[in-house]
Amino acid sequence: MAQTHTHPLQLADLHLPALPDPWPLAWGWWASALLVIILLALLYLVVNQLKARRGLKAGKKQALRQLKHAQSVSELNTLLRQAALTYFPREQVAGLSGHQWMAFLDHQLPEQHRGFVSLNDAWTQALYASETRDDIRGACRHQAEIWLRHALPPRFPQHTPAMKGDAAKGDRHV
């Protein structure tokens, strides 16, 4: 038997490929992440909007509760002014008095509920009188309740006729 002489082959070592890397992500994962971020932002905005609306309605309920305890027209006027300052810009409300104040209050109400301007003399007399007749106090209380129920919270920001100088026309400016 003849002895065969074999030469070992010069083979390189086996190298396995690296495991796939999770980065960079495919475009679908980026789109999904963006969609989740947008949905979370929308959820945040909706929750804040609901909280704000609930807070506005709570302010209205509190004002209506305080209305039951108001004894004088002066207290009614103070309550209306506090409610107006809560819902409207201070610059728009704080400086109003007399006829301008009554026009502002009327302007916030739907047409069928307006009555402050027609009660302007009664409000003025009742604010500064030591004694007020029950019918005048009742009319003022009724008009204040109507305002709290129908003008709050405001549906959209408005410029009042008293602020624009055209109270005689009574137009609504949006």
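Above: the structure in question.
Residues numbered from 1 in each chain as written. Predicted model: local features only at pLDDT ≥ 70, side-chain atom pairs only at ≥ 80, totals over all residues. Heavy atoms only, no water.

Draft legend 1. Local environment of helix 6 (residues 134-150). Look at helix 6: 24 Å from first C-alpha to last across 17 residues, which is about the 24 Å you get at 1.5 Å a residue. For helix 6, every residue scored as buried is listed here: Ile136, Cys140, Gln143, Ala144, Ile146, Trp147 and Leu148. (Helix = DSSP H or I, 4+ residues; strand = E, 2+ residues; numbered from the N terminus. Expected span 1.5 Å × (residues − 1). Buried < 20%, exposed > 50% of the residue type's maximum accessible area, 1.4 Å probe, protein only.)

Draft legend 2. Representation of a nonpolar patch on the surface in the model. Together, Leu34, Leu35, Ile38, Leu39, Leu42, Tyr44 and Leu45 make up an exposed nonpolar region whose accessible area comes to about 730 Å². Within the secondary structure, leucine 34 sits in helix 1 (residues 27-69). (Patch = residues over 30% accessible without salt bridge, like charges linked within 9 Å, V, L, I, M, F, W, Y side chains within 5 Å. Areas by Shrake-Rupley, 256 points an atom, 1.4 Å probe, with all protein chains shown as cover. Salt bridge = Lys/Arg side-chain N within 4 Å of Asp/Glu carboxyl O.)

Draft legend 3. A look at the nonpolar core. In this structure, Leu80, Trp101, Phe104, Trp123, Trp147 and Leu148 are the most contacted members of the largest nonpolar core, which totals 32 residues. Where this core is concerned, the elements lending two or more residues are helix 1, helix 2 (73-87), helix 4 (98-107), helix 5 (120-128) and helix 6. (Core = buried A, V, L, I, M, F, W, Y, C linked by side-chain atoms within 4.5 Å.)

Draft legend 4. Up close: the packing of aromatic side chains. This structure, assessed with the given rule, holds three aromatic pairs. Where phenylalanine 88 meets phenylalanine 104, the ring centres are 5.2 Å apart and the plane angle is 80°; that geometry is what we call edge-to-face. Pair noted here: phenylalanine 88 is in the loop between helix 2 and helix 3 (90-93) and phenylalanine 104 is in helix 4, with a separation of 16 residues, a long-range link. Among the residues examined, phenylalanine 88 registers a relative accessible area of 7% and is labelled buried. Given the relative accessible area of 0%, phenylalanine 104 is considered buried. Considering the side-chain rings of phenylalanine 116 and tryptophan 123, the 5.8 Å spacing of their centres and the 40° angle between planes classify their relative orientation as tilted. Classification of phenylalanine 116 as buried rests on a relative accessible area of 0%. According to the relative accessible area criterion, tryptophan 123 is buried, its value standing at 0%. The rings of Phe88, Trp101 and Phe104 are connected pair by pair, giving a single aromatic cluster. Stacked on the ring of tryptophan 101, the Lys or Arg arginine 81 has its end atom at 4.1 Å from the ring centre. (Phe/Tyr/Trp six-rings, centres within 6.5 Å; stacked < 30°, edge-to-face > 60°. Lys NZ or Arg CZ within 6 Å of the ring centre and 35° of its normal.)

Draft legend 5. Spotlight on the packing of helix 2 against helix 5. Where helix 2 meets helix 5, the axes come as close as 8 Å, and the angle between the chain directions of the two elements is 115°. Between helix 2 and helix 5, the crossing angle belongs to the class labelled roughly perpendicular. Only Trp123, Ala126 and Leu127 of helix 5 make contact with helix 2, whose side of the interface consists of Val73, Ser74, Leu76, Asn77 and Leu80. Within the contact of helix 2 with helix 5, the residues separate by chemical class into six nonpolar, two polar and no charged. (Axes fitted to C-alpha atoms, helices over the stretch in contact; angles between N-to-C directions. Parallel < 35°, antiparallel > 145°, perpendicular 65-115°, else oblique. Contact = heavy atoms within 4.5 Å. Nonpolar A, V, L, I, M, F, W, Y, C, P; charged D, E, K, R; others polar.)

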